[in-house]
Amino acid sequence: MNVLKKYSKYLLDILFPPVCVSCISPIQDQKKYICSDCFDKITINTAYLCPACGKRCAGKNRCHQTPYQLAAACQYHEPIPELIWYFKYHKLEKIHTLLSAILIVHIQLVLPNIETYSISYIPLHPKKERERGFNQSHILAQTIAKYFDIPCISLLKRTRYTESQTKQKGAQGRYTNIHDCFSCIDQENISGKNILLIDDVTTSGATLREATQTLRKYHPRHIVGLVIAKVD
Ligand SMILES: [Zn+2]
Ligand SMILES: [Zn+2]
């Protein structure tokens, strides 16, 4: 047996000891990516947030009229940004499972009639999807669809390549960057339907607003935008 191979686990543990993806403190269990302190910091929202002002919506009250309701599972606080980053750029299976579980718990809290919905997702431009190898929102949509036994459908495509929304300055910059960048690829599956539309993170809401406005042309019954986190 190759000597290096025999001692590889020992060597790798010394060279790259397992650490928490958020606080980088060492963790004992190699199979975990997050320490228990960081895990305990995860707080799941128990109500919708207003897409316009970010306020918690109590019951059916809505402080602003918006083209969709916003189900944001968490706020964009530690350790959520690090978990999303690792999922988005490394597709770690355990982190995918954790993020899906967070979304599923949130859906159960805010959307008791989830069985009346279809799930769709914010598409990436084909060039970006090729570079990354996958679309994180599509993967989450498929997992959630399977869990609740509801259809996962591709409704939108990007009509042009856009720079990352996180690089844009202010709400106006985000709006201009994303404006008119979606078109509908499955009009049949929208009219009269309840649609849950997944994105990973929302800041100003420009992406979800643009996508829901594209879908609204085909008369859906109701649209809920679902995200892992809302940036304050
Ligand atoms: Zn930690
Ligand atoms: Zn509001």
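Since this is a predicted model, take the numbers as computed values, not measurements.

Caption draft 1: Region of the structure containing the domain arrangement of the chain. The domains assigned to the chain are domain 1 (1–37) and domain 2 (41–230). Distance from the C-alpha centre of domain 1 to the C-alpha centre of domain 2: 33 Å. Taken together, the contacts link four residues of domain 1 with eight residues of domain 2. For the side of domain 1 that touches domain 2, the per-class residue count stands at three nonpolar, one polar and no charged.

Caption draft 2: The packing of helix α4 (residues 80–90) against helix α5 (residues 93–110), seen in detail. Where α4 meets α5, the closest approach of the two axes is 9 Å, and the angle between their N-to-C directions is 125°. On the basis of their axis angle, the class for α4 and α5 is oblique. Relative to α5, the crossing made by α4 is left-handed. Taken together, the residues of α5 that come into contact with α4 (itself represented by Leu83, Tyr86 and Phe87) are Ile95, His96, Leu98 and Leu99.

Caption draft 3: Structural context of the pairing of strand β1 (residues 69–75). Across the seven residues that make up β1, a large majority, six, are buried. In the sheet, β1 pairs with strand β6 (residues 222–230) via six bridges, with the strands oriented parallel. Within β6, the position partnered with Ala71 by the bridge is Leu226.

Caption draft 4: Representation of the environment of Ala73 within the structure. Assignment of secondary structure puts Ala73 in strand β1. Leave out the neighbours within four places in its chain, and Ala73 touches Ile44, Asn45, Ile102, Leu103, His106, Ile228 and Ala229.

Caption draft 5: Inspection of the environment of Ser118 at higher detail. If you trace the backbone, Ser118 turns up in strand β2 (residues 117–121). With 73 residues separating them along the chain, Ser118 and Asn45 place their C-alpha atoms 22 Å apart. In this view, Ser118 contacts Ile150, Pro151, Ile153, Asn189, Lys193 and Ile195; residues no more than four positions away in its chain are not counted.

Caption draft 6: Highlighting the packing of helix α8 (residues 170–178) against helix α9 (residues 206–216). The N-to-C vectors of α8 and α9 enclose an angle of 40°; their axes lie 9 Å apart at closest approach. Taken together, the axes of α8 and α9 are oblique relative to one another. Like other packed secondary-structure pairs, α8 and α9 cross with a definite hand, here right-handed. Contacts from Ala171, Arg174, Tyr175 and Ile178 in α8 reach Ala206, Thr207 and Glu210 in α9. Classifying every residue of the contact of α8 with α9 by side-chain character gives four nonpolar, one polar and two charged.

Caption draft 7: Representation of the sheet that holds β2 in the model. Strand order in the open sheet made by the four strands is β1-β6-β5-β2, with parallel pairing throughout. Looking at which strands have only one partner, the edges of the open sheet turn out to be β1 and β2. Pairs of neighbouring strands in the sheet enclose a mean axial angle of 25°, with direction left out of account. Together, β2 and β5 (194–202) form the strand contacts of helix α7 (residues 136–148), whose direction differs from that of β2 by roughly 160°. Strands in contact with α9 are β5 and β6; relative to β5, the strand with the most contacts, it is inclined by about 160°.

Reading the values: rules and limits
Residues numbered from 1 in each chain as written. Chains lettered and ligands numbered in written order. Predicted model: local features only at pLDDT ≥ 70, side-chain atom pairs only at ≥ 80, totals over all residues. Domains from an automatic or database assignment. Contact = placed C-beta atoms within 7 Å. Nonpolar A, V, L, I, M, F, W, Y, C, P; charged D, E, K, R; others polar. Axes fitted to C-alpha atoms, helices over the stretch in contact; angles between N-to-C directions. Helix = DSSP H or I, 4+ residues; strand = E, 2+ residues; numbered from the N terminus. Parallel < 35°, antiparallel > 145°, perpendicular 65-115°, else oblique. Left-handed = near helix turned anticlockwise from the far one by under 90°. Buried ≥ 20, exposed ≤ 12 C-beta atoms within 10 Å, placed from the backbone. Pairing = 2+ DSSP bridges.

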